[in-house]
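Listed below are the residues making up each chain.
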Amino acid sequence: MAASASASVKLGSKPDAFRRQGQAWFCTTGLPSDVTVEVGDMSFHLHKFPLLSKSAVLEQLIEESSDQEECIIKLSDIPGGAKSFEMVARFCYGVKIELSSSNVVHLRCASEHLQMTEEISDDNLIAQTEMFLNQVVLRNWKDSLKALETCDDLLPHAEDLQIVKRCIESLASKATTDPNLFGWPIREHGLMQSPGGSVLWNGISTGARPRNFSSDWWYDDVSSLSFPMYKRLLSGMESRRIRPEIIAGSLAYYARKYIPGLSRRNSMGTMPLAGTLSDVEQRNLLEEIDRLLPVQKGLVPTKLLLGLLKTSMILKASSTCIANLEKRVGMQLDQASLEDLLLPNYSYTMETLYNVECVHRILEHFLAMDQANGGCSPCIDDMMASPSMIPITAVAKLLDGYLAEVAPDVNLKPPKFQALASALPEYARPLDDGLYRAIDVYLKAHCWLSEAEREQLCRLMDCQKLSLEACTHAAQNERLPLRVVVQVLFFEQLQLRTSIAGCLLVSDNLEGSSRPLRSGCVAMSGEAGGWSAAVRENQVLKVGMDNMRMRLAELEKECSDMRQEIEKLGRGGGKNGGGGWASHVPRRFSLKMKPQMCSTQEGSVSEQQKSMSAKLDKLQAKLSKQKRQLSADA
């Protein structure tokens, strides 16, 4: 028995004498049939001697029916059914058949069932199939895989003969080994290479070198297995200490192939569409994959985990599966993208468009893991420069973007928005610009909120952590409460003062360093270039200072206008009672005064005027002082 390059062997030498007519097979040897073998709905009209000379079971059955007028044998439980018995019958007659990885398991199980041993005949079918399995199939990756695929229809016979175990061990050993070491000839992914490593074409060396194989070369091949067989194969690989990231990559590939809701592309290119599974089958597969995935962080892309989570909600997977996926996403939330985090609500009982509660739970998992790993605290010096702060600041930026995306949902209640926005510790946000944007979007979409609710939302952000650009926008934002606007104006002034002081300090240093160049008679070319650069920088700084002076002038004018409005209110309040106050407040502050503030009692209006005047007096005094200092410095 010699193996050919196509991993098959030929048995027998006689020409084919079998003919099929409907549901019956006939052996046309010139002799009339003397035995009929019924296998399912197929009947075989054969001869006794070729059968009993190869099989102990057939010999016994023929002997038991010898006293009947017509010898009829029923084989209802033969592994592989009529297809297997057809090839067994051909073998018994010595007709040419071809053993391959597609039929060797069928013939091995059928020959065992019929007891086609060496005691009955030399070179019988059991010995032939065992030799082909051990010497050809199990030495080759593709043939071992094909043989394992055929085992699904032959259980438990293939299991009892340990064919499943042997195929899995063969595949597991090859998956954990360099494929170039499998032996020669080897055909993998359409390439056959010689012992020297050159690519073969029709058996002739082309001199070309084969492509390099990565650790995921077998992902697509094993994805053709049924999930029970695939699961057993992974178990065999784990027993050989294959790296967890390789197992996770294979599971991800398998999930993408059979669960339509997931992406069908990865680094290996476009994946073929598999047979469509029912919703129940997809749900069971997803839950099994969740149980098999390694728990280590970063082994599975966050995008895929969020895709699995979204699909599990659609398929109504178990609460345990959903909770596990949420925890997995939480472990690596800093690697997520905003687009993938926008999980729609698939429950009719929930009003919001997006599943905010799910994202909140994911965030809690992340924070718990961050604390368990020794997360930073506000008391640590230079914490913003610490590498351990990178994940939580990335999550803070992601969360602020998420809040801005879900804020337009009119069904998103303020408590839910506040709970999610305040979940992160204060030190997680170096700046509150993103949070301010989300609050602004929320206020715009929920214009019916009361003044107290608006102030409660604005307490989420720290006005001292707003950039100068954000302060400028907030100072002119009609949706913000007046108290917040005043705070923003105050901190904006502090930022302007600090910026101007820094600019003046740099300008003085530049002027001081330039004096020797102005008085010197000889200058090197390098020094001349430095002087030119210093002059240009000085001009830029002066332009910046002029812009800041203009901004201070604008702020001063705004305070003056506010004072004039208050004086008018005072005159109007004296004449018309409290009505003038409500009608003359500038609209830019979006004041929604309570009913008691519209009272005609003169004392109430007077108190409000005094309070506002006191605040504006302080702001006016600080602006005037800043202006005088700026003029003196200039």
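Look up a bit, the structure's there.
Quick caveat: nothing in here was measured; it's all calculated off a predicted structure.

Peer 1: What is the right way to look at a negative patch on the surface in this model?
Peer 2: A cluster of acidic residues, E118, E119, D122 and D123, forms a negative patch on the protein surface. Tracing the backbone shows E118 in the loop between α4 (104–113) and α5 (125–135). The class for E118 is partly exposed, based on a relative accessible area of 36%.

Peer 1: Help me understand the pattern of salt bridges in this model?
Peer 2: Once the charged atoms of two side chains with opposite charge are near each other, the side chains can pair. Taken as a whole and assessed by the stated rule, the structure comprises 20 salt bridges. The partner of K465 in a salt bridge is D432, with the nearest N and O atoms 3.9 Å apart. Here the residue K465 occupies a position in the loop between α20 (451–458) and α21 (468–475), and D432 occupies one in the loop between α18 (414–421) and α19 (433–445), the gap between them amounting to 33 residues. On the basis of relative accessibility, which here comes to 3%, the residue D432 falls in the buried class.

Peer 1: Please explain the nonpolar core as it appears in this structure.
Peer 2: A general tendency of soluble globular proteins is for nonpolar side chains to be buried together. With 153 residues, the main nonpolar core has L46, F85, W218 and L333 as its most contacted residues. Beyond its immediate sequence surroundings of up to four residues, F85 is in contact with V37, V39, F44, L46, L58, L75, I78 and L114.

Peer 1: Quick question: what am I supposed to make of the packing of aromatic side chains here?
Peer 2: The way to describe two aromatic rings as a pair is by their centre distance and the angle between their planes. Following the criterion strictly, the structure yields 10 aromatic pairs and no others. Here the aromatic cluster, defined as three or more aromatic residues joined through ring pairs, consists of F227, Y230, Y254 and Y258.

Peer 1: Help me understand the environment of K257, please; the structure alone is not making it clear to me.
Peer 2: Counting through the fold element by element, K257 comes out in helix α11 (residues 244–258). In sequence terms K257 and S223 are 34 residues apart; their C-alpha atoms lie 7.8 Å from each other.

Peer 1: Honestly, α18 in this entry has me stumped. Any pointers?
Peer 2: Residue pairs spaced three or four apart in an α-helix point in one direction, given the helix's 3.6 residues per turn. All of the buried residues along α18 are P414, F417, Q418, L420 and A421. One side of α18 carries all its buried residues, which in axial view fall inside an arc of 165 degrees.

Peer 1: Even after reading the chapter, I still don't get the packing of helix α8 (residues 163–175) against helix α10 (residues 227–239), so can you show me in this structure?
Peer 2: Each pair of packed helices gets described by two things: the angle between the helix axes and the distance between those axes. In the contact formed by α8 and α10, the axes pass within 9 Å of each other and the chain directions differ by 55 degrees. Between α8 and α10, the angle falls in the class oblique. When you trace α8 past α10, the crossing you get is right-handed. Taking contact as the criterion, the partners of V164, I168, L171, A172 and A175 in α8 are, on α10, M229, R232, L233, G236 and M237. Residues belonging to the contact of α8 with α10 are distributed by class as follows: 8 nonpolar, 1 polar and 1 charged.

Peer 1: When you look at unusual backbone geometry in this model, what are you seeing that I'm missing?
Peer 2: What you tend to see is this: most non-glycine residues have negative phi, and most peptide bonds are trans. With an omega of 5 degrees, the peptide bond running from L155 to P156 counts as cis. By the element assignment, P156 lies in the loop between α6 (141–150) and α7 (157–160). Backbone geometry places R241, a non-glycine residue, at a positive phi of 60 degrees. Here R241 is to be found in the loop between α10 and α11. Residue classification places R241 among the exposed positions, given a relative accessible area of 76%. One non-glycine residue, K316, lies in positive phi territory at about 60 degrees. Mapped onto the secondary structure, K316 falls in the loop between α13 (302–314) and α14 (319–331).

Peer 1: I would appreciate a short explanation of the packing of α6 against α8 in the present structure.
Peer 2: Axis separation between α6 and α8 bottoms out at 9 Å; the angle between their running directions is 145 degrees. Helix-helix and strand crossings are classified by hand; for α6 and α8 the assignment is left-handed. Along the contact surface, α6 presents W141, S144, L145, A147 and L148, while α8 presents V164, C167, I168, S170, L171, K174 and A175. Looking at side-chain class alone, the contact of α6 with α8 contains 9 nonpolar, 2 polar and 1 charged residues.

Peer 1: Looking at this model, I keep getting lost on the side chain of S65. Mind explaining?
Peer 2: One can find S65 in the loop between α2 (56–64) and β6 (72–74). Classification of S65 by relative accessible area gives buried; the value is 5%. At a separation of 3.1 Å, a polar atom in the side chain of S65 contacts the main-chain carbonyl oxygen of L61. Residues within four places of S65 in sequence aside, it is in contact with C71 and I73.

Peer 1: In this structure, what is going on with the environment of P481? I would like to understand it.
Peer 2: On the secondary structure map, P481 appears in the loop between α21 and α22 (482–519). Given the relative accessible area of 1%, P481 is considered buried. Between the C-alpha atom of P481 and that of R454, which follows or precedes it by 27 residues, the distance is 6.8 Å. Beyond its immediate sequence surroundings of up to four residues, P481 is in contact with E451, R454, E455 and C458.

Peer 1: In this structure, what is going on with the side chain of T36? I would like to understand it.
Peer 2: By the element assignment, T36 lies in strand β4 (residues 35–39). Judged by its relative accessible area of 9%, T36 falls in the buried class. Among the polar contacts made by the side chain of T36, one reaches the side chain of H45 at a distance of 3.5 Å. Beyond its immediate sequence surroundings of up to four residues, T36 is in contact with S43, F44, H45, E70, C71, I72 and I73.

Peer 1: When you look at the sheet that holds strand β3 (residues 24–27) in this model, what are you seeing that I'm missing?
Peer 2: What links the strands of a sheet is backbone hydrogen bonding, and the strands pair in either a parallel or an antiparallel sense. Strand order in the open sheet formed by 5 strands is β2-β3-β5-β4-β6, and the pairing between neighbours is mixed. One side of each edge strand has no neighbouring strand; the edge strands of this open sheet are β2 (18–21) and β6. For this sheet the average axis-to-axis angle between neighbouring strands, irrespective of direction, equals 20 degrees. As paired strands, β4 and β6 are joined by 3 bridges and run parallel to one another.

Peer 1: What is the right way to look at the environment of Q493 in this model?
Peer 2: For Q493, the location among the structural elements is in helix α22. Given the relative accessible area of 6%, Q493 is considered buried. Taking the C-alpha atoms as reference points, Q493 and C471, separated by 22 residues in sequence, lie 9.5 Å from one another.

Peer 1: Explanation requested: helix α16 (residues 356–372) in the structure shown.
Peer 2: The first and last C-alpha atoms of α16 sit 24 Å apart over 17 residues, in line with the 24 Å expected at 1.5 Å per residue. Among the residues making up α16, those that are buried are V356, C358, V359, H360, I362, L363, F366, L367, M369 and D370. In the core, the buried residues of α16 are packed alongside α13, α14, α15 (338–341), α17 (389–406) and α18.

Rules behind the numbers
Residues numbered from 1 in each chain as written. Predicted model: local features only at pLDDT ≥ 70, side-chain atom pairs only at ≥ 80, totals over all residues. Heavy atoms only, no water. Patch = residues over 30% accessible without salt bridge, like charges linked within 9 Å, V, L, I, M, F, W, Y side chains within 5 Å. Areas by Shrake-Rupley, 256 points an atom, 1.4 Å probe, with all protein chains shown as cover. Salt bridge = Lys/Arg side-chain N within 4 Å of Asp/Glu carboxyl O. Lys, Arg positive; Asp, Glu negative; His and termini not counted. Charge placed at Lys NZ, Arg CZ, Asp CG, Glu CD. Helix = DSSP H or I, 4+ residues; strand = E, 2+ residues; numbered from the N terminus. Buried < 20%, exposed > 50% of the residue type's maximum accessible area, 1.4 Å probe, protein only. Core = buried A, V, L, I, M, F, W, Y, C linked by side-chain atoms within 4.5 Å. Contact = heavy atoms within 4.5 Å. Phe/Tyr/Trp six-rings, centres within 6.5 Å; stacked < 30°, edge-to-face > 60°. Arc of directions from axis to C-beta. Axes fitted to C-alpha atoms, helices over the stretch in contact; angles between N-to-C directions. Parallel < 35°, antiparallel > 145°, perpendicular 65-115°, else oblique. Left-handed = near helix turned anticlockwise from the far one by under 90°. Nonpolar A, V, L, I, M, F, W, Y, C, P; charged D, E, K, R; others polar. Polar contact = N/O pair within 3.5 Å; in protein donor to acceptor, adjacent residues only side chain to side chain. Pairing = 2+ DSSP bridges. Expected span 1.5 Å × (residues − 1).

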